[in-house]
Amino acid sequence: MTERDGLFAGTDPFKIAGRWLGEAKDSEPNDPNAIALATVDSDGMPNVRMVLLKEIESDAFVFYTNYESAKAVELDSAGKAAFVMHWKSLRRQIRVRGTITRESGPQADEYYASRSLKSRLGAWASKQSQPLSSRSALMAEVAKVTAKLGTNPPRPPFWGGYRLVPTEIEFWADGAFRLHDRFQWRRDHEDSAWDVQRLNP
């Protein structure tokens, strides 16, 4: 693996991912932590949407959502998911696949408390993924929960995090003439050692 230096240097894929995200924060105009999260429904139909990655841990990637949303139903049912994080400014991307578990403890409480008050109240008001008659109906619900919960609302019991523990991570960087650089990290189980190999573009 003597070729795996520069952008791809390191023995810990989570640290490489964190380094790339840190560089993207200096160059991406909006939401450098945005990921396209892919799930599958009970019929095997795939689904994808943009969410914000909130933490890269030593062994996992963490994001948050409404547990009653379509994505949460699919995450809980399949127990697996994938995402891609792409930065046009850096001409790089990271692809991740792995297993999913909920993060509904103190860590979720802490992140929820760090959000703006309007975002915290919005989490209570929105019945995510369900039909909505109008925007005014949504704003009326926001006003209702604001009057009820005040300026320090607790985390809703139907809102929290997910932790994706990967069995596969791929780092991709743009190359001249579409001869891109790709390095894939794979392991059979989350406790297994990583196998790293270069892939054809």
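Caption draft 1: Fine view of the nonpolar core. Among the nonpolar cores identified, the biggest contains 31 residues, and F61, F83, I94, I169 and F171 are the most heavily contacted of them. The contact partners of I169, leaving out residues within four places of it in the chain, are P13, F14, F61, I94, R95, V96, F183, Q184, W185 and W194. Counting residues in hydrophobic clusters, the runner-up holds eight residues, among them Y64, Y111, Y112 and F158.

Caption draft 2: Up close: the packing of aromatic side chains. What the rule picks out here adds up to 15 aromatic pairs. Aromatic pair F14 and W194: ring centres 6.4 Å apart, planes at 65°, arrangement edge-to-face. Here W194 lies in the loop between β7 (181–186) and β8 (195–199) and F14 lies in helix α1 (residues 13–24), a separation of 180 residues in the sequence. For F14, a relative accessible area of 6% puts it in the buried group. Under the relative-accessibility criterion, W194 is labelled partly exposed at 21%. Each ring, one from W124 and one from F158, has its centre 5.6 Å from the other, and the planes form 85°; the classification is edge-to-face. You can see W124 sitting in helix α4 (residues 117–125) and its partner F158 sitting in the loop between α5 (135–149) and β6 (159–173), a full 34 residues away along the chain. Through a chain of ring-to-ring contacts, the aromatic side chains of F8, W20, W87, F171 and F183 assemble into a single cluster.

Caption draft 3: A look at the pairing of β7. Bridge count for β6 against β7 is six bridges, and the pairing is antiparallel. Counterpart to A173 in the pairing with β7 is D181.

Caption draft 4: View of the pattern of salt bridges. Tallied over the full model, the rule gives 11 salt bridges. Of the charged contacts, one joins R155 and D109 as a salt bridge, the two residues approaching to 2.6 Å between their closest N and O atoms. Residue R155 is located in the loop between α5 and β6, and its partner D109 is located in helix α3 (residues 106–114); the two are separated by 46 residues in the primary sequence. With a relative accessible area of 18%, R155 lands in the buried category. Look at D109 and you get partly exposed, because its relative accessible area is 37%. We note a salt bridge from E168 to R186, for which the minimum N-O separation is 3.6 Å.

Caption draft 5: Seen up close, the environment of F83. Looking at the element boundaries, F83 is found in strand β4 (residues 80–87). Taking the C-alpha atoms as reference points, F83 and R198, separated by 115 residues in sequence, lie 20 Å from one another. With residues near it in sequence (within four places) discarded, F83 still touches I35, A36, L37, F61, I94, R95, V96 and L164.

Caption draft 6: Region of interest: the environment of S129. Along the polypeptide, S129 turns up in the loop between α4 and α5. A sequence separation of 107 residues divides S129 from G22, and the C-alpha atoms of the two residues are 31 Å apart. Sequence-distant contacts of S129, defined by excluding residues within four places in its chain, comprise S69 and A70. Separated by 3.1 Å, the side chain of S129 and the backbone nitrogen of A70 make a polar contact.

Caption draft 7: A look at unusual backbone geometry. Here the phi dihedral of R91 falls at roughly 55°; this positive angle occurs in a residue that is not glycine. Along the chain, R91 falls in the loop between β4 and β5 (92–103). Assessed through its relative accessible area of 53%, R91 is described here as exposed. Positive phi outside glycine occurs at F177, with the angle close to 60°.

Caption draft 8: Spatial organisation of α4. Every buried residue of α4 is accounted for by R120, L121, A123 and A125. Looking at the packing, one finds that the buried side of α4 touches β3 (61–66), α3, α5 and β6.

Criteria and thresholds
- Residues numbered from 1 in each chain as written.
- Predicted model: local features only at pLDDT ≥ 70, side-chain atom pairs only at ≥ 80, totals over all residues.
- Heavy atoms only, no water.
- Core = buried A, V, L, I, M, F, W, Y, C linked by side-chain atoms within 4.5 Å.
- Buried < 20%, exposed > 50% of the residue type's maximum accessible area, 1.4 Å probe, protein only.
- Contact = heavy atoms within 4.5 Å.
- Phe/Tyr/Trp six-rings, centres within 6.5 Å; stacked < 30°, edge-to-face > 60°.
- Helix = DSSP H or I, 4+ residues; strand = E, 2+ residues; numbered from the N terminus.
- Pairing = 2+ DSSP bridges.
- Salt bridge = Lys/Arg side-chain N within 4 Å of Asp/Glu carboxyl O.
- Polar contact = N/O pair within 3.5 Å; in protein donor to acceptor, adjacent residues only side chain to side chain.

Nothing here speaks to function; it is all geometry.
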